[in-house]
Amino acid sequence: MVRWARSLVVAAALAGMITLAGVVLGRIYADPLVVWLVLGAAAGSVGLGLALRRLPNWTVAPVSAVLLAAYTGMVLWFVAGRAGVGGPFGQVVRDALGNGIPRLLTAMIPVEPAPDTVVVPVVAAWLAGLAATEVAVRAGRVLLGLLPAVALYAGALYVVGPNAATAGWTTLAFAGCAITALATSTRTVKSEKSESSGGRRALAGAAGGLAAVLAATIGPWVGGQVTASPVDPRRYVQPPQVDSLDESPLNRISGWALAPEQHLFDISGISGIKGRTVRLRLAVLPDYDGITWRVGATYRNAGRVLPQQPRLGDADIRQVRQQITIDGLTGRLMPVVPTPTEVTGARVAFDAATGTLIRPEQLAAGVRYGVVSEVQTPDLNLLDVADSPSGDAVARYLTVGPGVPDQIQGLADQLADGNGAAYDRAAAIEQFLAEHYRKVADAPSGHAYPNLAFFLFGPRDQGGQRGTSEQFAASFALLARLTGLPSRVVVGFDAPAAGGTVTGGDAIAWPEVLFDGLGWVAFDPMPKSRNPRPVEEDYTPKPTKPPSPPSEPPTPSDSASSSAPAPVPAAAEDGGPGAAVVAGGASGTLVLVFAAAALTLVGMRRSLTRRRLTAGTPDDRISGAWAELSDALRLAGRPMPSHLAASEAAAYAMKPAPPRQSRLRRAVPPAGDRRGAAPAGRGGSQEAARSESGSHEAARSESGSHEAARSESGSQEAARSESGSQEAGPQEMLPPLDELVAGINTVGFAPGAADAGQADRAGRQAVAYAEALRARRSWWRRAWWSVHPGPLRWHRES
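This write-up is about the structure you can find in this document. Everything numeric here is computed off the predicted structure, so don't read it as measured data.

1. Observations regarding the pairing of strand S11 (residues 368-377)
The element S11 is extensively covered by neighbouring structure, given that 9 of its 10 residues are classed as buried. Inspection of the sheet shows strand S6 (residues 316-326) paired to S11 by 10 bridges, in the antiparallel sense. Counted as the bridge partner of glutamine 319 is glutamate 374 from S11. Pairing analysis gives 4 bridges linking strand S8 (residues 340-344) to S11, with the strands arranged antiparallel. For valine 343, the partnering residue across the bridge sits in S11 and is valine 371.

And the structure:
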């Protein structure tokens, strides 16, 4: 009976040690399921060995193997159903047994319990329990029998590596179980009564002395190892990789643009989306070497639950669900609404840095998976005051390849000149690209330096200054990096929010810029007009300054000539007019020509104002008054920002701008091209009013475009100056614009509802504001105001 009790204590200690190994390993799993599975394997193997200890030892191994197979099959069936792993059960078992070790070492931490991530701990725990019980219980060699449990515990520590905290209490408990097993000897003694008290004291003293010696010898070494970082075995195992097709999916944009009807995939079951479209992300490209934008991601095998991305302060967080069914999309990259937190129906690998997914096997028609995404919309009103990070942490997003063309560097320098704030630089780049380049479907693929230089500066009649979203996004990201903004390129799709088919024509690339506290913010440099202005109108490379000729001392004749009085022109020998007469006549002719031109411009300007304010319907007259306001601000050197709603534009107009100098000839969008700020006709007025009503809704747009930030932050933008300067001196309040704002909103929201009286009041306010703004200028600026030809052509450029 005593022997049976001692065997039971040793077996319990062994099962406890094996279970503690499962506890250590479970720290890198998403939930404690693996601990319970290891506990079951330890109890089954140790209990079986204890129950069969009186049978011949050759009978234990076959019985244990059968029970191991049964327990493993039950575990895999349970875990597969819990993790949502589909397919025939036989295939699941073969896949788990064949790929268990590499997938455990390449899995995303925290590891999701799945058949291929739990099979190795379960089998290892069962085998360790079987071996330990046979040696320690059957053979009675307890110290030797502890080795399988110690090896299993050490293996668990090695697999965990530096990915979890120090296993303090588990190690102490493990040592306690080992001491208990050693102290409870399974050898039979003749009689406990024959043991003298002196023998017991001698045994206790020997044990204490041994413990002291061990503490003195290995204690310092153990203490020194505590501060060392454990080795991560994952660095020796290659995780799933993307192939050349997915390494730079930006190259696929042109192919998809040429096949806009190609059926790529279907999306359904969308919830949590507001708006008509939802943007899906396929790949993030942070690395650029001057030739290709590359993915450069490290994908780790992941289960159903993915690690959450860091939360942004004051961000609006929404859950978006979607079902994706692949049709013609090839490669491994999986389109999802960013950023996924849960995936079902397919085995995936995940890159935590970019929040993108791949399927370790190639995508194929019929592959279907469900995704739960967490969409974070930060407070984009803070863009104006947000900084961009710098330093080693973002060096990857600022690096460009060697040999940047001088033209591209010069353009970046001019776009950055006068734009000290990070958002101002990004907005200047976005505006420049949107106003000067054309989107076409048949542009050749490529985003190396020569391709981008031709896109930016090539002659229009030879195919330059036009491209797909590939060139727009790549050019923005390159210019942003050259101006000190961390940037990257993203490839994805615009899908219908109600669900449906996604084709090649829905593929798009867009740039993103990193801001402190706001994360990655998307920008939209795509053209807003069908007739963009040539880049030569607003960008000219700085000419090289010619070398100064060497100075030479003046000759005596030169000195004499400079000190002599000027000669009086003599009459021509043939009796014709002298040189003075000819020069005077030419000068007079030029003065008359300039005077006639100035009078003509003044007349044309007044005729334009009169036609805007008196001709047409009341809607047309109110739109004309708005155009007068836009022209007045532009003549004052303060062009109205294109993103402001009507009331925000009025607030902007009422606040004078601080002095500011800029060498960049910034391109201001034509009035007809402005989205909600300066319409040239009824359509523009409606757009302005729609911007007024939808400014708050735009900030929640699924596209992630920073246009929302512009619309919502109009009140902050109103206090900023885009360019130009105001004259010093005391200034009176500018005339109000409330009637004009009310009129333009009426035109936009209720076309035809405005009456003649409302149009008269809007016109009077526009004229009074323009005259007051002109009166603040210096005398020569007031004269130039009246003859400036700009208003005659600004509203015809669109």
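2. Details of the environment of alanine 766
Structurally, alanine 766 is set in helix H25 (residues 756-775). For alanine 766, a relative accessible area of 1% corresponds to the buried category. In the structure, alanine 766 is positioned 144 residues away from isoleucine 622 in sequence and 9.5 Å away in space, judged by C-alpha atoms. In contact with alanine 766, not counting residues within four places along its chain, are Ala625, Glu628 and Leu740.

3. Some thoughts on the packing of aromatic side chains
Tallied over the entire structure, the rule returns 13 aromatic pairs. On the basis of an interplanar angle of 25 degrees and a centroid distance of 4.3 Å, the ring pair of tyrosine 153 and phenylalanine 174 is categorised as stacked. With tyrosine 153 in helix H7 (residues 147-160) and phenylalanine 174 in helix H8 (residues 168-183), this pair connects stretches of sequence that are 21 residues apart. Taken together through their ring pairs, the aromatic side chains of Tyr423, Phe476, Phe515 and Phe523 make up a single cluster. Across from the ring centre of tryptophan 510, 4.4 Å away, lies the NZ or CZ of arginine 279, which sits over that ring.

4. Quick notes on the nonpolar core
Membership of the largest hydrophobic core comes to 90 residues, with the highest contact counts inside it found for Ile408 and Phe515. Among the elements that line this core, the one with the most residues is helix H15 (residues 469-482), at 9 residues.

5. So, the packing of helix H18 (residues 618-635) against helix H19 (residues 646-654)
Close contact between H18 and H19 brings their axes to 12 Å; oriented N to C, the two are set at 40 degrees. Classified by the angle between their axes, H18 and H19 sit oblique to one another. For the crossing formed where H18 meets H19, the hand is left-handed. Within the contact between the two elements, H18 uses Trp626, Leu629 and Leu633 and H19 uses Ala646, Ala649, Tyr652 and Ala653. By residue class, the composition of the contact of H18 with H19 is 7 nonpolar, no polar and no charged.

Rules behind the numbers
- Residues numbered from 1 in each chain as written.
- Predicted model: local features only at pLDDT ≥ 70, side-chain atom pairs only at ≥ 80, totals over all residues.
- Heavy atoms only, no water.
- Buried < 20%, exposed > 50% of the residue type's maximum accessible area, 1.4 Å probe, protein only.
- Helix = DSSP H or I, 4+ residues; strand = E, 2+ residues; numbered from the N terminus.
- Pairing = 2+ DSSP bridges.
- Contact = heavy atoms within 4.5 Å.
- Phe/Tyr/Trp six-rings, centres within 6.5 Å; stacked < 30°, edge-to-face > 60°.
- Lys NZ or Arg CZ within 6 Å of the ring centre and 35° of its normal.
- Core = buried A, V, L, I, M, F, W, Y, C linked by side-chain atoms within 4.5 Å.
- Axes fitted to C-alpha atoms, helices over the stretch in contact; angles between N-to-C directions.
- Parallel < 35°, antiparallel > 145°, perpendicular 65-115°, else oblique.
- Left-handed = near helix turned anticlockwise from the far one by under 90°.
- Nonpolar A, V, L, I, M, F, W, Y, C, P; charged D, E, K, R; others polar.

Shape is all these values report; function is a separate question.
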